[in-house]
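Fold and contact review
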Amino acid sequence: MNVKVAHGFRVGHLYLFHVRVVVFFLLLASLASAQTPPLPAGQGPSVVYVAHDPLAIKRYETNDPVVRAMVNRLVMAVTNRADVTSAWRSLVTPQDRVGIKISAAGGRIFTTHRAVVNAIASGLAAAGVPRNNIIVWDRNLTGARAAGYENGLYRLESIAPREGYDPKATVSAPGIGRLIWGDLEYVARTSVPLSDEENTSTLSHFARVLTKEVTKVINVPVVSDSETNGVAGCIYNMTIPNLDNWRRFTQGNRFSAGGLAEVYADPIIRGKVVLNLMDGLIAEYAGGPATQPSFQIHHATLYASRDPVALDALALRQIDKWRLHASLPSLMDRAADIENAAALGLGQGNPDKISVRTVWP
């Protein structure tokens, strides 16, 4: 209400009474809102937006205009904006260095689809982010290059062995990992035999691209199972490929169970991911995240949410349905990361509290 306008005219007593009543109730609403604490993250409902179109992919080849339209609609829905540019501007600024974390472990046919990443990069550029400040990365980009990724629309970066990790950004966990070549603290063998302890460690290091280069992250995993972690989704995609000494988190022992959730909770990851967009154009329900064509489905679906846990929980349930149909065992007992992530307040893991909204077609 504009009080100055009311003061500029002669008004009747009835009008002034109405104004006072409105002000009174607005004050009551404001006080009630201030006194009601927000629900902790992971306890309130979460929303996952879905775009599905059989025309998006056929025989492993994407229909790029359709995929771009699906991505645009999802970003607008997540941000509640009426156009694509303002949607991206609500997530990033022109001053940001924006990372797009893909999954490239699946080679040419099961890397995060180039059409999805190109649509994201175009939206970021329209929002004012310079193309040179858009970084697409994974630990190894062999699969991405085979899938047609190339510099120009963005910068492509892999994580260099040893030098690609930040010595000052560490993750400590009880599980002891055996170091291999490429890990930051690996000791090369010499003529003097190494002791059993010299090439083991309870520390992992974050990748420099995550700690030093990007200020915001768009997380773009694929819909894939993980035989060791249940689902190679949002949490997996931001943790395992961004760490050295990572094998201890996939061994399935009591030390590593649920450990990825704690890694994701670190501000280095949690504080930078502004959007999760899961690529389900091709989905895989066994043998992932490496490519296994015998277990792949043309799912023609993209998912988006601010909540990585909700996306992983839904993906796991869908993957388990495909596995049941193929007479494969459930992965639910290997999905401790989802349960632990919900307990840490990273998102909603209870399917009953996840709202799924279709926005395309």
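For the structure itself, look to the data block above.
Quick look at the structure, then. No experiment lies behind these values; they were computed from the predicted model shown. (Residues numbered from 1 in each chain as written. Predicted model: local features only at pLDDT ≥ 70, side-chain atom pairs only at ≥ 80, totals over all residues. Heavy atoms only, no water.)

Observations regarding helix H6 (residues 114-126)
Between its terminal C-alpha atoms H6 stretches 18 Å, which fits the 18 Å expected from 13 residues at 1.5 Å a residue. Within H6, 10 of the 13 residues are buried, which leaves the element mostly enclosed by the surrounding structure. Downstream of H6 by a residue or two, Gly128 has a phi angle that is positive, lying close to 105°. (Helix = DSSP H or I, 4+ residues; strand = E, 2+ residues; numbered from the N terminus. Expected span 1.5 Å × (residues − 1). Buried < 20%, exposed > 50% of the residue type's maximum accessible area, 1.4 Å probe, protein only.)

Observations regarding the packing of helix H3 (residues 64-79) against H6
Each pair of packed helices can be described by the angle between their axes along with the distance between the axes. Between H3 and H6, the shortest axis-to-axis distance is 9 Å and the interhelical angle comes to 55°. Between H3 and H6, the angle falls in the class oblique. Crossing handedness for the pair H3 and H6: right-handed. Across from Asp64, Val67, Arg68 and Val71 in H3, the residues of H6 making contact are Ala115, Val116, Asn118, Ala119, Ile120 and Ser122. (Axes fitted to C-alpha atoms, helices over the stretch in contact; angles between N-to-C directions. Parallel < 35°, antiparallel > 145°, perpendicular 65-115°, else oblique. Left-handed = near helix turned anticlockwise from the far one by under 90°. Contact = heavy atoms within 4.5 Å.)

Considering the side chain of Lys272
Following the sequence through the fold, Lys272 ends up in the loop between helix H11 (267-270) and strand S12 (273-284). It turns out Lys272 is buried and unbridged, and the closest side chain with the opposite charge, Asp166, is 8.6 Å from it. (Lys, Arg positive; Asp, Glu negative; His and termini not counted. Salt bridge = Lys/Arg side-chain N within 4 Å of Asp/Glu carboxyl O.)

As for the packing of aromatic side chains
With the rule as written, the count across this model stands at 3 aromatic pairs. For the ring pair Tyr285 and Phe295, a centre distance of 5.6 Å and an interplane angle of 75° mean the geometry is edge-to-face. Placement of Tyr285 in the loop between S12 and strand S13 (296-305) and of Phe295 in the loop between S12 and S13 is noted, with a sequence separation of 10 residues between them. What makes Tyr285 buried here is its relative accessible area of 11%. For the pair Tyr285 and Trp322, a centre-to-centre distance of 6.5 Å together with 45° between the ring planes defines the contact as tilted. A residue pair is termed long-range when its members are at least 10 positions apart, and Tyr285 in the loop between S12 and S13 and Trp322 in helix H12 (residues 308-325) qualify at 37 residues. Here the aromatic cluster, defined as three or more aromatic residues joined through ring pairs, consists of Tyr285, Phe295 and Trp322. The side chain of Arg247 reaches across the aromatic face of Trp246, ending 5.3 Å from its centre. (Phe/Tyr/Trp six-rings, centres within 6.5 Å; stacked < 30°, edge-to-face > 60°. Lys NZ or Arg CZ within 6 Å of the ring centre and 35° of its normal.)

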